[in-house]
Amino acid sequence: MSPSIPAVLRVALEFITYIGVGISMGCLVVCLIIEMLVWNAVTGNNTSYMRHVSIVNIAVSLLIADIWFIIGAAISDNEKKDLPACSTATFFIHFFYLALFFWMLVSGLLLLYRTVMVFSHTSKPAMLAISFSLGYGAPLIIAVITIAVTAPGKQYIRDNDGVCWLNWTESKALLAFVIPALTIVVINLLILIVVLFKMLRRGVRDVTQPDEKNALVVIARCLAILTPFFGTTWGLGVGTMTTPNNLGIHIVFAIFNSLQGLFILVFGTLLDKKIREALTGRSQVSSNRTRSTSAATSSSSGLGFFRIRRRNVFNVSAAPTSSTTGAS
């Protein structure tokens, strides 16, 4: 995001970036494999289903964006940059990084919808249509408009530093990424404030299904961690734009942004208790154990004993009354 890279940091930043992006891509693949393995076990209701649809598309968007990032870096390393190939890589990097943020917005809107509009029920096909239209349709429109406006004047990509990314010096095309991304971060922070206020005021007791309550809590926790984190990292990117000679900002920005896939795996997937139970195969075992424990508790509880004792007392007290009546 910086207009220029300090020469003293170029090698170090490339080293950090390639290692971080490699770790990120590996984590995203693991995330998608986990989602595939536990899908049937964790998507029992519409809220859980849409939550996992969002996580899968966040992971897919970031994974493809990272792949195109590596392709763009390879194109940039050539002595003579292939401008059409560089423009193609820039378009897909722009599109899929935007898709990452718009799918985070989908998660935020889902949380807001299920918390505020408790008694409203939208069908799963309608929710999927709205989510995919927002998650991929809006980024596509922004990316297409950006390249259509700036490409004819040869101001779509950068020429001064050899990087395959949106132009900043001449056309400020980079704002077509920065403004939507930071706007979504702000919107999700506002959604979190509203949802926390609602939960503190009346909780989520109006949601009848326990699984839906768990899904809402997981979504809120995921957004509460990832949204400020992404906002902070891309905010550092704005810092590299305004103060390109600040070495510390460059290093921190490269470390945290290249490891986004790791944070999605940890905070979006592994912290979900349902996923952990499904992975370890304990969900069925624990449910059977719970049923057997409940049955044992019911048979030996004070209430059960009270009922048995009450019936015995009635029988014992009735016998003498009957005999006495017969004698008289």
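Each remark here, short or long, concerns the structure printed above.
My aim in this report is to walk through the structure given alongside it, one point at a time. Since the structure is predicted, the reported quantities are computational estimates derived from the model, not experimental observations. (Residues numbered from 1 in each chain as written. Predicted model: local features only at pLDDT ≥ 70, side-chain atom pairs only at ≥ 80, totals over all residues. Heavy atoms only, no water.)

1. Some remarks on the pattern of salt bridges
For side chains bearing opposite charge, pairing can occur when the charged atoms are close.
Phase 1: Taken as a whole, this structure holds one salt bridge when the rule is applied.
Phase 2: Ionic pairing is found between Asp 272 and Arg 51, a salt bridge with its closest N-O pair at 2.9 Å. Here Arg 51 lies in helix 2 (residues 46-77) and Asp 272 lies in the loop between helix 8 (260-270) and helix 9 (273-280), a separation of 221 residues in the sequence.
Phase 3: Given the relative accessible area of 4%, Asp 272 is considered buried. (Salt bridge = Lys/Arg side-chain N within 4 Å of Asp/Glu carboxyl O. Helix = DSSP H or I, 4+ residues; strand = E, 2+ residues; numbered from the N terminus. Buried < 20%, exposed > 50% of the residue type's maximum accessible area, 1.4 Å probe, protein only.)

2. A look at the packing of aromatic side chains
For any two aromatic rings, the description comes down to two numbers: the centre-to-centre distance and the angle of the planes.
Phase 1: The final tally for this structure, using the stated rule, is 13 aromatic pairs.
Phase 2: Considering the side-chain rings of Phe 92 and Phe 96, the 6.4 Å spacing of their centres and the 20° angle between planes classify their relative orientation as stacked. With Phe 92 and Phe 96 both in helix 3 (residues 83-116) and four residues apart, this pair spans about one turn of that helix.
Phase 3: Overall, Phe 92 belongs to the partly exposed group, its relative accessible area being 28%.
Phase 4: Geometrically, the ring pair formed by Phe 132 and Tyr 136 is tilted, given 6.0 Å between the ring centres and 35° between the ring planes. Taken together, the positions of Phe 132 and Tyr 136, both in helix 4 (residues 124-150) and four residues apart, correspond to about one turn of that helix.
Phase 5: For Phe 132, a relative accessible area of 37% corresponds to the partly exposed category.
Phase 6: Taking the relative accessible area as the measure of exposure, Tyr 136 reaches 19% and is therefore buried. (Phe/Tyr/Trp six-rings, centres within 6.5 Å; stacked < 30°, edge-to-face > 60°.)

3. Structural notes on the packing of helix 1 (residues 10-42) against helix 2
Phase 1: Between helix 1 and helix 2, the least distance of the axes is 10 Å, while the angle of their chain directions is 155°. When the interaxial angle is binned, helix 1 and helix 2 end up roughly antiparallel. As for the relative orientation of helix 1 and helix 2, their crossing is left-handed in sense.
Phase 2: Here the residues of the contact of helix 1 with helix 2 sort into 21 nonpolar, four polar and three charged. (Axes fitted to C-alpha atoms, helices over the stretch in contact; angles between N-to-C directions. Parallel < 35°, antiparallel > 145°, perpendicular 65-115°, else oblique. Left-handed = near helix turned anticlockwise from the far one by under 90°. Nonpolar A, V, L, I, M, F, W, Y, C, P; charged D, E, K, R; others polar.)

4. Focus on the packing of helix 2 against helix 4
Phase 1: Packing of helix 2 against helix 4 leaves a shortest axis separation of 11 Å and a crossing angle of 25°. If you check the angle between helix 2 and helix 4, you find them roughly parallel. Note that helix 2 runs across helix 4; the crossing there is right-handed. Contact residues: helix 2 offers Asn 46, Tyr 49, Met 50, Val 53, Asn 57, Val 60 and Ser 61, while helix 4 offers Lys 124, Met 127, Leu 128, Ser 131, Phe 132 and Tyr 136.
Phase 2: Class assignment for the residues of the contact of helix 2 with helix 4 results in eight nonpolar, four polar and one charged. (Contact = heavy atoms within 4.5 Å.)

5. Quick notes on a nonpolar patch on the surface
Phase 1: Taken together, the side chains of Val 29, Ile 33, Met 36, Leu 37, Leu 270 and Leu 279 present a nonpolar region at the surface, about 550 Å² in accessible area.
Phase 2: When residues of the nonpolar patch are assigned to their parent elements, the largest contribution, four residues, is made by helix 1.
Phase 3: Residue Leu 279 is classed as partly exposed on the basis of its relative accessible area, which comes to 42%. (Patch = residues over 30% accessible without salt bridge, like charges linked within 9 Å, V, L, I, M, F, W, Y side chains within 5 Å. Areas by Shrake-Rupley, 256 points an atom, 1.4 Å probe, with all protein chains shown as cover.)

6. Side note on the nonpolar core
Phase 1: By size, the foremost hydrophobic cluster in this structure holds 70 residues, and its most contacted members are Leu 100, Phe 101, Leu 111, Phe 177, Phe 230 and Ile 264.
Phase 2: Counting only elements with at least two residues in this core, the list comes to helix 1, helix 2, helix 3, helix 4, helix 5 (175-202), helix 6 (210-242) and helix 8.
Phase 3: Counting residues per element, this core draws most heavily on helix 3, which supplies 18 residues.
Phase 4: Not counting the four nearest positions on each side in its chain, Ile 264 is found in contact with Leu 28, Ile 58, Leu 62, Leu 100, Leu 226, Phe 230 and Thr 269. (Core = buried A, V, L, I, M, F, W, Y, C linked by side-chain atoms within 4.5 Å.)

7. Some details on the environment of Gly 239
Phase 1: Position of Gly 239 relative to the elements: it lies in helix 6.
Phase 2: Residue classification places Gly 239 among the buried positions, given a relative accessible area of 13%.
Phase 3: Separated by ten residues in sequence, Gly 239 and Ile 249 place their C-alpha atoms 6.9 Å apart.

8. Notes on the environment of Val 163
Phase 1: Relative to the helices and strands, Val 163 resides in the loop between helix 4 and helix 5.
Phase 2: Once the C-alpha coordinates of Val 163 and Ser 76 are considered, the two residues, 87 residues apart in sequence, prove to be 5.6 Å apart.
Phase 3: Aside from chain neighbours lying at most four places away, what touches Val 163 is Ser 76, Lys 81, Cys 86 and Arg 158.

9. Brief notes about helix 7 (residues 247-258)
Phase 1: Taking 1.5 Å per residue as the helical rise, helix 7 with its twelve residues ought to reach 16 Å, and the 17 Å between its terminal C-alpha atoms agrees with that figure.
Phase 2: Within the sequence span of helix 7, burial applies to Ile 249, His 250, Phe 253, Ala 254, Asn 257 and Ser 258. Seen from one end, helix 7 has its buried residues packed into an arc of 130°, which puts them on one side.
Phase 3: Its side-chain oxygen at 3.2 Å from the backbone nitrogen of Gly 248, Asn 246 defines the N-terminal cap of helix 7. (Expected span 1.5 Å × (residues − 1). Arc of directions from axis to C-beta. Polar contact = N/O pair within 3.5 Å; in protein donor to acceptor, adjacent residues only side chain to side chain.)

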